[in-house]
Amino acid sequence: MADCATASESPAIDHHLPSAILATVLSHLDIRSLVFASATCRAFRTCASQALSFLPSFHLLDFALTVDFLRPLLPDNLCLRSIWMDCSRLDDEAIECIVKPSLNELYLVNCENLSGKILSELGARCPDLRTLTLNSLSGRKGVPISFADLEQFLIGCSELESLSLPELDFSVFDWPNFHRVWSLASQKLSCLEIGYIPMIMLSQILNFAVEVQNPQIRIAKAPLFPSLQKLCLSVDYITDNLVGSISEALPHLTQLDLQDAPWVDPTPLSDLTNAGLQLINRHGKLKHVSLIRSQEFMFTSFKRVSDLGLLLMAQTCSNLESISLGGFSRVTDAGFRAVIHSCSRLCKLRVSHGNQLTDLVFHDISATSLSLTHVSLKWCNLLTDMGVKRLSFNKDLNVLDLRECRLLSDEAISALSLLPKLQVLLLDGTGVTDIGLSYLGQGSSPLKSLSLRGCKRLSNSCVELLLAGEIKSSLQTLDLSKIHNLTDEAVISLARSRVKITELRLRECTHIGDSSIMALASMMVEGGTHGSSLHLLDLYECGGITPLAFRWFKKPYFPRLRSLGVTGCLNRDMVDALARSRPFLRVSCRGEELGTAVWGASSDWCRQEDDNLDELEQFLLEGEEMIEDDDDANGDDVEFIEG
């Protein structure tokens, strides 16, 4: 009892170390380290809050915070200009913390629980806001958003230069004056990215933009989108009339990203044809074009576009730097070659569902001046090893997506293994075998990310062969999902290799069990602790994992883990116990994909996350004691998504 009394009367850290010295030390740390410091004790929390009150930026996308944790981390700060944050555990109560009058940039992801109130508050309190991105705003059913919110935002943020509201359904703003409210938007707006917008609403906006540009029609309105250079949106149908209207209404456009997802086959009047492609670059300023017909609702394509259409587009778009074409089923090698040979500045090429694209597209690519850095050929089923070998003559390749090119085999992998700049390679659903992975392992490509999802010809030996060479020093992300031949033996081989991997996906590997968890938890890398390098681990539907495996997710194992995917039918009590004992860990149980996709919808395809090592974070994680599971523990310390 005396020992307990002595322990309870132990003086706080600020008794030994003055708060001024603590504040000075913490002022040299980055945001992630300050967050971890604030979680240790009251003195550190106070000093961290003081340090944060002078920082110009608050960038924290690694994990989601609750509003109670966030509030002291975002004190009044006249110097704060930029906020990047994951809002998956926040609702409207956090708006007061986030919306700061001094903001120039706000980038928020996973905003499902935030209502349109954040738009109106930004309009009322942030007149100097330049850049706004709100991913999945009001995405959860029942979270309101109104036309008045959008109107208040556009009126108040008069300096806005970039607005990104992807995944937001603009049909909720169905209002008689919807098209006219955009005349209140900032004249400096150069980037506009929105989710789905009904064709009628979009046509009204474009027609109004053309009207106010017409000198013969005197309208007492400011020009609509006079500075817009980038437009990304999803519509009902991509048509000739739509493409022509955009080209006419937005004369300064340099990037156009259009996607549709038809419910029924388009009629001739509601579809894109060769004539429409000729109108796409009327002012000759386009550098990035993306035209995608999604297969979300039905198998359909741009059936009225042929090689002639791409030839006409290539003649007017010779300055293109990136092009993305999805669903052009009637275009053959001749059309794709016209684009490649006419656009000498092309560095990013993306073709999906190119049913008639063959090896001939890249037959003489070495004779061109092209310097391709990003290439995606997903679902190009006629592409063979010979075409990939020709493509590999382009030594500047950095990102290559060959998913679902089912005719590819080890011969293609052998050629790719020698590319000196290749960092991202996606081979999902191809015919690669263990021999092909041995080529990659012994090759000279500095691969950081490799996806082998659904490669059915791989066996347990693939991991050992892959990591036997120099690739072990660069590889950070590995996806081995849906490889049904994979067992615990493969994961044990990975753990023994001591590769510094940060993301590992093993979804739907039915033979992966508790032994794999034990091996990863005990894994040691140079200069680290048990399992120290893993940030993301996806084990959804791994059939051999039992509730007993959860003991290995307790501290000190997996100290840097931020995202964990498991099967929802596992023991709920044990999952809740894990939630209480691991702050900052997101446990997902409903099968959603973890992390960010490598390939985006626009021309900015490859997104590589910053992976800086925080020394304080590592120190705290190593030194933290186990958090006791008592009756007062709050399950909100971690985001738990129930299946």
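Residues numbered from 1 in each chain as written. Predicted model: local features only at pLDDT ≥ 70, side-chain atom pairs only at ≥ 80, totals over all residues. Heavy atoms only, no water.

An unreviewed UniProt entry lists the protein under the name F-box domain-containing protein, with Rhynchospora tenuis given as the organism.

Enquirer: Please clarify how the side chain of threonine 273 should be interpreted in this entry.
Expert: Tracing the backbone through its elements, the reader meets threonine 273 in the loop between β8 (255–260) and α13 (274–278). By relative accessible area, which is 17% here, threonine 273 ends up buried. Within polar-contact distance, the side chain of threonine 273 engages the side chain of aspartate 240 at 2.4 Å. Not counting chain neighbours up to four residues away, the residues in contact with threonine 273 comprise Asp240, Arg304 and Val305. (Helix = DSSP H or I, 4+ residues; strand = E, 2+ residues; numbered from the N terminus. Buried < 20%, exposed > 50% of the residue type's maximum accessible area, 1.4 Å probe, protein only. Polar contact = N/O pair within 3.5 Å; in protein donor to acceptor, adjacent residues only side chain to side chain. Contact = heavy atoms within 4.5 Å.)

Enquirer: Can you help me understand a nonpolar patch on the surface in this one?
Expert: Together, Trp263, Val264 and Phe297 make up an exposed nonpolar region whose accessible area comes to about 360 Å². Tracing the backbone through its elements, the reader meets valine 264 in the loop between β8 and α13. On the accessibility criterion, valine 264 (49% relative accessible area) is partly exposed. (Patch = residues over 30% accessible without salt bridge, like charges linked within 9 Å, V, L, I, M, F, W, Y side chains within 5 Å. Areas by Shrake-Rupley, 256 points an atom, 1.4 Å probe, with all protein chains shown as cover. Salt bridge = Lys/Arg side-chain N within 4 Å of Asp/Glu carboxyl O.)

Enquirer: Can you walk me through the nonpolar core in this structure?
Expert: Nonpolar side chains in soluble globular proteins tend to be buried together. Counting residues in each nonpolar core, the largest one holds 183 residues, and the members touching the most others are Phe58, Leu108 and Trp182. Of all the elements, helix α11 (residues 199–213) adds the most residues to this core, at eight residues. The next biggest cluster of nonpolar side chains, apart from the first, holds five residues, and it includes Leu22, Ala37, Ala43 and Phe44. (Core = buried A, V, L, I, M, F, W, Y, C linked by side-chain atoms within 4.5 Å.)

Enquirer: Got a minute to help me understand the pattern of salt bridges in this structure?
Expert: One pass over the structure, following the stated rule, counts 22 salt bridges. The residue aspartate 401 makes a salt bridge to arginine 403 at a minimum N-O spacing of 2.6 Å. On the accessibility criterion, arginine 403 (17% relative accessible area) is buried. When the shortest N-O distance is used, the salt bridge between arginine 453 and glutamate 593 registers 2.8 Å. Of the two residues, arginine 453 sits in the loop between β15 (449–451) and α19 (461–466) while glutamate 593 sits in the loop between β20 (586–588) and α23 (615–623), which places them 140 residues apart along the sequence. Residue class for arginine 453 comes out buried when judged on its relative accessible area of 14%. A relative accessible area of 44% means that glutamate 593 is categorised as partly exposed. Members of the salt-bridge network, linked through shared partners, are Arg453, Asp479, Arg507, Asp538 and Glu593.

Enquirer: Can you walk me through the packing of helix α4 (residues 31–38) against helix α5 (residues 42–52) in this structure?
Expert: Describing two packed helices takes the angle between their axes plus the distance from one axis to the other. It is the contact of α4 with α5, at a shortest axis distance of 8 Å, that shows an interaxial angle of 150°. Looking at the two axes, α4 sits roughly antiparallel to α5. Only Phe44, Arg45, Ala48, Ala51 and Leu52 of α5 make contact with α4, whose side of the interface consists of Ile31, Leu34, Ala37 and Ser38. In terms of residue class, the contact of α4 with α5 is made up of seven nonpolar, one polar and one charged. (Axes fitted to C-alpha atoms, helices over the stretch in contact; angles between N-to-C directions. Parallel < 35°, antiparallel > 145°, perpendicular 65-115°, else oblique. Nonpolar A, V, L, I, M, F, W, Y, C, P; charged D, E, K, R; others polar.)

Enquirer: What should I look at first to understand α4 in this one?
Expert: Turn by turn, an α-helix covers 3.6 residues, leaving residues three or four places apart pointing in a common direction. The element α4 is largely enclosed, with a buried count of eight among its eight residues. Of all the residues in α4, the buried ones are Ile31, Arg32, Ser33, Leu34, Val35, Phe36, Ala37 and Ser38.

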